[in-house]
Amino acid sequence: MKTIHEINIDNSSAVIDGKRIDTSRSGSQMLTELYRIYVNDYPKFFKMDILCKLGFIASELLLQAEGAPRFTDRADRADRAILFFNHSSSIQADKAFEETIRDRSDFFPSPSVFVYTLPNIVTGEIAIRNHYYGETNFIILNERDDERIRQVTEAAFTDPTTTSAIAGWIEAPDNHHFTAALKLITK
Amino acid sequence: MELKEELKTKLIEALNLEDVTTADIDDNVPLFGEDGFGLDSIDALELIVLLEKNYGIKIKDPKEGKNIFKSVSVMADYVAANRTK
Amino acid sequence: MVDPMIVKIADNITSPLGFTTEENYQAVKRGDTRLQRFVNKWSLPEPFIASLFEEGTLESAFNHRVKATLPYTRFEQMALLSAIEAITRSGIDAASERCIFILSTTKGNISLLEQGVEGVPDDRLQLSETARAIARFFGNRAEPMVVSNACASGVCVQIVAMRYLESGRYDHAVVIGADIQSPFIVSGFASFKALSPTACQPFSENRMGLNLGEAAATMVLRRVDEAKGYWQLADGAIRNDAHHISSPSKAAEGSFRALEAVLRRCPLTEELAVINAHGTATLYNDEMEAKAIERAGLLAIPVNAYKGNYGHTMGAAGVLETILTMRGLDEGTILPTRGFDELGVSKPIRVTKECLTTDRQAFIKLISGFGGTNAALRCVKV
């Protein structure tokens, strides 16, 4: 496996291939700031929960660094896998949805919140954006364990269709605390 | 506030339509589909919640929603005729 | 060197239909279900149909079977009951450092958000913590993994386990699929208007949606050089629809691609006894699966689904349904599709209504879920 590009985002900084990207905000506002500067053509972003916003922005910056033509159905990229790992699953959305049902006399469960209570939605959001039909997988670990992540990613490449992947750690327990450490990897 | 305006405000809020103002939503533009406002199936479900929460209208079958959410105008007529609050 | 093979050496299904695979198998063969209408359950405003354990049965089975010194949630009790039986049958040393626990669940202990359980730490809401509590129960110290790919988790987990064992790091994997029902999940699916007001009818003309269910299912997997006499997980693939986060692709893109991938090393599709479909009985899922089966050229293969017996058991479904299909084929039986009457999808798939007999010893398990995730698994008994 070979790492082509690497992005690290936390609640106050975004670093691509070791180079820090200028930002002035923090938390989810920083993700919105990055969206405005580097993406700005995908209003679905505003509907996403924090985990998806983080994964979306991180993958956008990673793929912009790759510099290849985007949104094509070319097989080499259409088969790209998305393999994510975290600790808190979709806890922020879980809490938000629970709020909509807690009071049975004011009971309005929200479908658009419920859908994000499944952590793998972020892999789907990125697959949709990029027309990736490859493997998507979401695995929860007790803590960030880069060796474990490497092993599972390596094992995913035993699928002969998979020749490249966006893989790594993506943790967003709330709007103000998050970490993404994603890599664009080839076989 | 006029019902149509009110619906637009609530719609923008419930569907997280960032960068959209009530002035951007034409009364008669189709809300769903590529040629229209581009809302999707989850938005439709969220609109069902919106009607129940704000106007006491219960819609059991999401297919019914397709007819009701054709445009803001159609929606307003439906709400005016069926609201219980 | 021989390529290692991954085989299932023991299993268990713990569901409202029984506490062993055998009880479950006989129940499904008879066409039984515990799907039932609940009114005012958990003070929810709308009635719903689900397959739930009768109140207290899970707890009393657990207390009878296990002399636990620590408190466990209902979810954990169910998962443990299933894992204990499968591990006991397998004869493996589950505490060994060559054994790993891999869970498949969507919402685990989500009920802890609403109400705590005395003596259970709040952080057991985290899926990794509940997985750890389960592994530690058996004295296993390796960090477990939790596969959480919505409704497709139960097949994805087998694929993850299979590859992980192939890599040689572990000799055994204990794969547990489990989900308990709760106001959280029921109201979520209700908000999606996905719940059927009647017992669900997979692939049928009059299907009106899915029912939810709770269950746990466990497989003990082993890496071997010689698979004779065992069910082998031969090929698995996970693919995305790249279409929508909650609606399946009309072209069945992900499901078709997953099927295509597991057929790559299976040129003789006549060897397949059955395709055990997801068959949730929602309008779109069943239509999509029919389309995928047609695109893959498998219209001649019988198709069945067990949601009419269990409802949709979420993270358990893929594991439970794979075990049940294996058990059936062990005695040459293709199980019926409870609730199916008149074909209501646009492709002429062959949905089984009654038990069929077969001498074929291979099948495909198909599954899909939110997030556009689809998976297929081909199993063969050598």
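Residues numbered from 1 in each chain as written. Chains lettered and ligands numbered in written order. Predicted model: local features only at pLDDT ≥ 70, side-chain atom pairs only at ≥ 80, totals over all residues. Heavy atoms only, no water.

Going by an unreviewed UniProt entry, chain B carries the name Acyl carrier protein and comes from Prevotella illustrans.

Per an unreviewed UniProt entry, chain A carries the name 3-oxoacyl-ACP synthase and comes from Prevotella illustrans.

A. Spotlight on the sheet that holds strand β7 (residues 212-213) of chain C. The mixed open sheet is built from 3 strands, whose spatial order is β2-β3-β7 (chain C). Each of the sheet's edge strands pairs with one partner strand only, and the pair in question is β2 (35-38) and β7 of chain C. (Pairing = 2+ DSSP bridges. Helix = DSSP H or I, 4+ residues; strand = E, 2+ residues; numbered from the N terminus.)

B. View of the interface of chain B and chain A. Taken together, the 13 residues of chain B in the interface contact 10 residues of chain A. Roughly 1,000 Å² is buried in total at the junction of chain B and chain A, and carbon and sulfur atoms are behind 59% of that figure. When the area that chain B buries against chain A is broken down by residue, the three leading residues are E18(B), I42(B) and E46(B), summing to 38%. Counting across the interface, chain B meets chain A through 3 salt bridges. For D19(B), the salt bridge is made with R36(A), and the minimal N-O distance between the two is 2.8 Å. The interface formed by chain B and chain A includes 5 residue pairs in polar contact (both at pLDDT 80 or more). Of the residues belonging to the side of chain B that touches chain A, the class tally is 5 nonpolar, 1 polar and 7 charged. (Contact = heavy atoms within 4.5 Å. Buried area = accessible area lost by both parts, 1.4 Å probe. Salt bridge = Lys/Arg side-chain N within 4 Å of Asp/Glu carboxyl O. Polar contact = N/O pair within 3.5 Å; in protein donor to acceptor, adjacent residues only side chain to side chain. Nonpolar A, V, L, I, M, F, W, Y, C, P; charged D, E, K, R; others polar.)

C. Just the nonpolar core, in detail. By size, the foremost hydrophobic cluster in this structure holds 114 residues, and its most contacted members are I9(A), I57(A) and F101(C). Per-element tally for this core: the top contributor is helix α2 (residues 50-66) of chain A, with 10 residues. There are two domains that each give this core at least three residues, and those are domain 1 (5-224) and domain 2 (234-381) of chain C. Beyond its immediate stretch of four places on either side in the chain, I57(A) contacts I9(A), L31(A), L34(A), Y35(A), V39(A) and F45(A). The next biggest cluster of nonpolar side chains, apart from the first, holds 63 residues, and it includes V152(A), M145(C), L320(C) and A375(C). (Core = buried A, V, L, I, M, F, W, Y, C linked by side-chain atoms within 4.5 Å. Buried < 20%, exposed > 50% of the residue type's maximum accessible area, 1.4 Å probe, protein only. Domains from an automatic or database assignment.)

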